[in-house]
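# Working through the structure, step by step
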Amino acid sequence: ASDSAKCEVSSVLLCGTKAALSERNDVADISLGIAAACLSSLPAQVSIGFRDEVVSVVCGLLAREECTLHQQSMLFGCLASKPGLGGKLPWGAEKVVDLVVRQSVLRFVGSLETSDISYAEKANYCCPAMTCLQILMNPSSDHEPQTNQPRLSKHAWAILAPLVLDVLPSGLERRRTNPLRQLTLDAVCSFWKWSYESTTPVEQSGCLILSCECFISVLAAIHSLKRDEIGGNTSEMDVRTVARHLRDLIAARGNGTARFLDMFSHLCSAYPNASSSQWQCFLEGYGAAPPLLQSLLEDGTIAYTDNIEHSEHLCLLPSILVSVKSLTKAIPFTIWLASDQSPLKMTHGNFSARLRQATMHLVSCINRLVSAMLGHLFLVQPDIWRHTSQLALQLCECLPFDENSLFLEPISRMVKTFGDVYVKSCTNQAEIHSISGNTIVGILSSKSGTRIFPSLGFVQFLLDNGEIVVLSAVVKAHPVILTRDSSLITSFCQLCRDLSLGCRQDSRKLSAVLINSYTQGRKRFRMRADILDDVTISLFSDTLYPILQALLIDGCLEVQLEAVSVFESLLWDDWQILLRDSWDPLCLILNKCHDGNDARVIISSCKTVGEVCTVCLSQNGREDDFIVTFNELVCGSMHDALTSENQSVRSMALFAVGNLSLASPVAPYRSRSCRPIRGLFPVVFLCLDDKSDKVLANAIRTIGHISRHIYGNEQCSANDPSGSACQLQRLIR
């Protein structure tokens, strides 16, 4: 039959069921069965009017008290069809949720809480109802543009939002607890319990997977709500019982193990606090059984070692890795792995010691898995390697790495193996090579990155092959590594020089990126109170600065922007050398603050000048002549920028003047060093009338810093050409 004929037959049978319900149940059963069969065979592309009719009629029938459980089950089957809830309904989410969930699904599931019906019957009747709930809970295929997370369906919002908004007749809004949320969670948990406690494996398998899928949809929605800071109340669900059920099901290694692992990872994301308290169920052995997650990882390691390409263990590996990542993200390691001086006690020993031992075992298992992957890289699928990389990065971000950390050595070995994979995959496995590079960059940028040193051979590989992205991350995290071998310094400088001479602007920009990463790394190294050696200091002024000079006048604006930002990271040691014989290096960056350059370059230059002022003037022992010349040059350049038509330029110029005023030492009023700063006060004062809030805020800040250098009228000389003291007095009044 054609689709139009099926639609017509379905409509007639559904409408005919209304009369049959009050007269003959057997006729109603037959008509509903045929209607359900017709609807299930229809495509999703049917008219909106027909979908509206199906849902309206079915929900009306579900509200009839004379419907039997079997008939209600078939009606939910009609709702679960493609023309039902699977299509785009013309109604709002609240109406659909009220008709389907509140009036139908929850009432139907609640009626099954009786001892007169067997577990198998309950599950069979609940399956179509829970399928309807899952359809409403599932997010659309669209993703959020900023987070790349699935969008939360509008029906899930209506069902699980903790609060609902009522508009009173007076027009006032009133918030109240959403009753559907707790009722829906109770229904899903009840269905899960029924499924788990079914008397035979056959009965259990019939509904357990559906229960798991429905649970996953609900947990994913709660996690999305939690990202908006309105989800995940630990008192609304018995997470402990669900987690222990999942442990037993995963340990059984049945057909649904992958989905149970996925459900556990969603449970950790939706309820991290409650899930992390069950860590011992998954990371410690219980009875004669080994630790669950570690044993699953070992199965994957064995599969790679034995070259078993289509092993079921390798099929499970993505779900295993995601579960481990979710659990380790939920556990507050830095709090729980406290010092043994004041341990958190449990009934069976030191809690901190137990968790540390279990985590060390987990890291060791991951190390063995990564090593097995390295040895059999041709077997490794990119998707599995991506999950492995994400887990490694998660461990580097969540584990504590103090000076005496026991995790430092095994994590360092793991990162070294990732480096070996990066090298080995560079020729014929581009995707794994890219994933490995991104992971190494992420690890070096994490809090543990400064404690994990790459090998010299790995750095040499990066230099020889021009791996700029990873090399930039290495020199930013460990700038002193270049000085460990003279050949590394030579190769690094030659690479920067070659890139700067390239014909393509991307190549020249990469040269500036490398130099910027190196200077940023030195600055961070110095901020940690570490001592930089002479070679690391002199490398910039002797070799890299001449390259940077050419990049600053490059015809490409992107290259200029990257080159300008390098000066933000320079140390006082650099400026001592650069300004020893001439002020040209400072003038080079000051000239970028005006003279008709692109607005983006001017803004970046003014910001950089502000950082330079802090570095060059905040140290004690500066000579007066140095301060006078420095202030005159900076103030002369900033005067033009302060009168720019671009509000962002004015804002950054105010930032630079504020930093100059704050860093410059206070001197007597007649001193030449303060005169240039006071001369800028009238221009800064005018910025208080600026229409831009950003400019106004920076003007207020700058006036506060300039006022350090302005004395009261009684201390001013009769000749006050700038009138700054008088203006300040008026401002105070």
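Residues numbered from 1 in each chain as written. Predicted model: local features only at pLDDT ≥ 70, side-chain atom pairs only at ≥ 80, totals over all residues. Heavy atoms only, no water.

### A word on the overall build of the protein
How we decide: Every helix listed is a DSSP run of H or I at least four residues long, and every strand listed is a run of E at least two residues long, numbered separately from the N terminus. Buried, partly exposed and exposed residues are distinguished by accessible area as a fraction of the type maximum, computed with a 1.4 Å probe on protein chains only: under 20%, between the cut-offs, and over 50%, respectively. Contact definition: two residues touch when any of their heavy atoms are within 4.5 Å. Computed with the Shrake-Rupley method and a 1.4 Å probe, the accessible areas treat only the protein chains shown as cover for residues.
Along its length, the protein carries 35 helices and 4 strands. Within the span of the protein, comprising 733 residues, buried residues form 53% of the whole. Across the protein, contacts joining residues at least 24 apart in sequence account for 69% of those joining residues at least 6 apart. Surface summary for the protein: the accessible area is close to 32,800 Å², and the carbon and sulfur share equals 52%.

### Topic: a nonpolar patch on the surface
We count it as follows: A patch consists of residues whose relative accessible area exceeds 30% and which take part in no salt bridge; residues with like charges are grouped when within 9 Å of each other, and nonpolar side chains (Val, Leu, Ile, Met, Phe, Trp, Tyr) when within 5 Å. When a carboxyl oxygen of Asp or Glu is within 4 Å of a side-chain nitrogen of Lys or Arg, the pair counts as a salt bridge.
A contiguous nonpolar patch, built from Val9, Ile30 and Ile34 and spanning about 250 Å² of accessible area, is present on the exposed surface. On the basis of relative accessible area, Ile34 is assigned to the partly exposed category, the value being 40%.

### Some details on unusual backbone geometry
Backbone geometry at Arg253 places phi at a positive 55°, although glycine is not the residue there. Structurally, Arg253 can be placed in the loop between α10 (239-251) and α11 (257-270). Look at Arg253 and you get partly exposed, because its relative accessible area is 35%. Non-glycine residue Asn307 carries a positive phi angle of around 60°.

### So, the pattern of salt bridges
Under the criterion given, the structure shown has 21 salt bridges. A salt bridge links Arg354 to Glu284, with the shortest nitrogen-to-oxygen separation between them at 2.6 Å. Taken together, the residues span a long stretch of sequence, with Arg354 in helix α17 (residues 351-375) and Glu284 in the loop between α13 (279-283) and α14 (292-305) at a distance of 70 residues. Judged on exposure class, the residue Arg354 and its partner Glu284 are both buried. As a salt-bridge pair, Asp573 and Arg526 come within 3.1 Å of each other at their nearest N and O atoms. You can see Asp573 sitting in helix α27 (residues 572-578) and its partner Arg526 sitting in helix α24 (residues 505-527), a full 47 residues away along the chain. Each of Lys509, Glu558, Asp598 and Arg600 takes part in a single network of salt bridges with overlapping partners.

### A closer look at the packing of α24 against helix α25 (residues 534-552)
Rules: Axis definition: a line fit to C-alpha positions, over the contact stretch in the case of helices; interaxial angles, taken between N-to-C directions, run 0 to 180 degrees. Angle categories: roughly parallel below 35 degrees, roughly antiparallel above 145, roughly perpendicular from 65 to 115, and oblique for all the rest. Should the near helix be turned anticlockwise from the far one by less than a right angle, the crossing is termed left-handed; should it be turned clockwise, right-handed. Ten residues, namely Ala, Val, Leu, Ile, Met, Phe, Trp, Tyr, Cys and Pro, are considered nonpolar, four, namely Asp, Glu, Lys and Arg, are considered charged, and the remaining ones, Gly among them, are considered polar.
Axis separation between α24 and α25 bottoms out at 11 Å; the angle between their running directions is 150°. Here α24 lies roughly antiparallel to α25, going by the angle between them. For the crossing formed where α24 meets α25, the hand is left-handed. Taking contact as the criterion, the partners of Arg508, Ser511, Ala512, Ile515, Tyr518, Thr519, Arg522 and Arg526 in α24 are, on α25, Thr536, Ile537, Leu539, Phe540, Leu544, Ile547 and Leu551. Here the contact of α24 with α25 is composed, by residue class, of 9 nonpolar, 3 polar and 3 charged.

### Comments concerning the confidence of the model for the protein
Applied cut-off: What pLDDT reports is the predictor's confidence in each residue, on a scale of 0 through 100.
Confidence in the prediction of the protein, expressed as mean pLDDT, is 83, and 87% of residues score 70 or more. Predicted confidence for residues 340-348 stays below pLDDT 50, and this span has 10 contacts to residues more than four positions away or in other chains.

### A closer look at the pairing of strand β2 (residues 173-177)
Operational definition: In this scheme, strands are said to pair when DSSP sees at least two bridges between them.
Summarising burial for β2: 0 of the 5 residues are buried, a small minority. The sheet contact formed by strand β1 (residues 163-167) and β2 spans 5 bridges and is antiparallel. Following the sheet pairing, Val167 is matched in β2 by Glu173. As consecutive antiparallel partners, β1 and β2 are separated by 5 residues, and within that stretch Gly171 has a phi angle of approximately 95°, a positive value.

### Observations regarding the side chain of Ser276
This is how it is decided: Side-chain atoms alone can form a polar contact between residues adjacent in sequence; in general such a contact is a pair of N or O atoms within 3.5 Å, and within protein one must be able to donate a hydrogen while the other accepts it.
As for its position among the elements, Ser276 is in helix α12 (residues 272-276). For Ser276, a relative accessible area of 2% translates into the label buried. In terms of polar contacts, Ser276 uses its side chain to reach the backbone carbonyl oxygen of Asn273, at 2.9 Å. Setting aside anything within four residues of it in sequence, one finds Ser276 in contact with Leu327, Ala330, Ile331, Pro332 and Trp336.

### Quick notes on helix α19 (residues 408-424)
This is how the line gets drawn: Multiplying one less than the number of residues by 1.5 Å gives the expected span of a helix.
In this model, α19 (17 residues) spans 24 Å end to end at C-alpha, consistent with the 24 Å of a helix rising 1.5 Å per residue. Its buried side turned inward, α19 meets α17, α18 (382-398), α20 (430-445), α21 (456-465) and α22 (468-477).

### Quick look at the packing of aromatic side chains
The condition that has to hold: Side-chain rings of Phe, Tyr and Trp, where Trp is taken by its six-membered ring, are said to pair if the distance between their centres is within 6.5 Å; with planes under 30 degrees apart they count as stacked, over 60 as edge-to-face, and otherwise as tilted.
A full pass over the atoms with the stated rule returns 16 aromatic pairs. Measuring from ring centre to ring centre gives 5.9 Å for Trp279 and Phe351, while their planes differ by 80°; the resulting arrangement is edge-to-face. Remark: Phe351 occurs in helix α17 and Trp279 occurs in helix α13; sequence separation between them is 72 residues. This pair shows no difference in class: Trp279 is buried, exactly as Phe351 is. Within the aromatic cluster, the residues linked to one another by ring pairs are Trp572, Trp583, Phe626 and Phe630.

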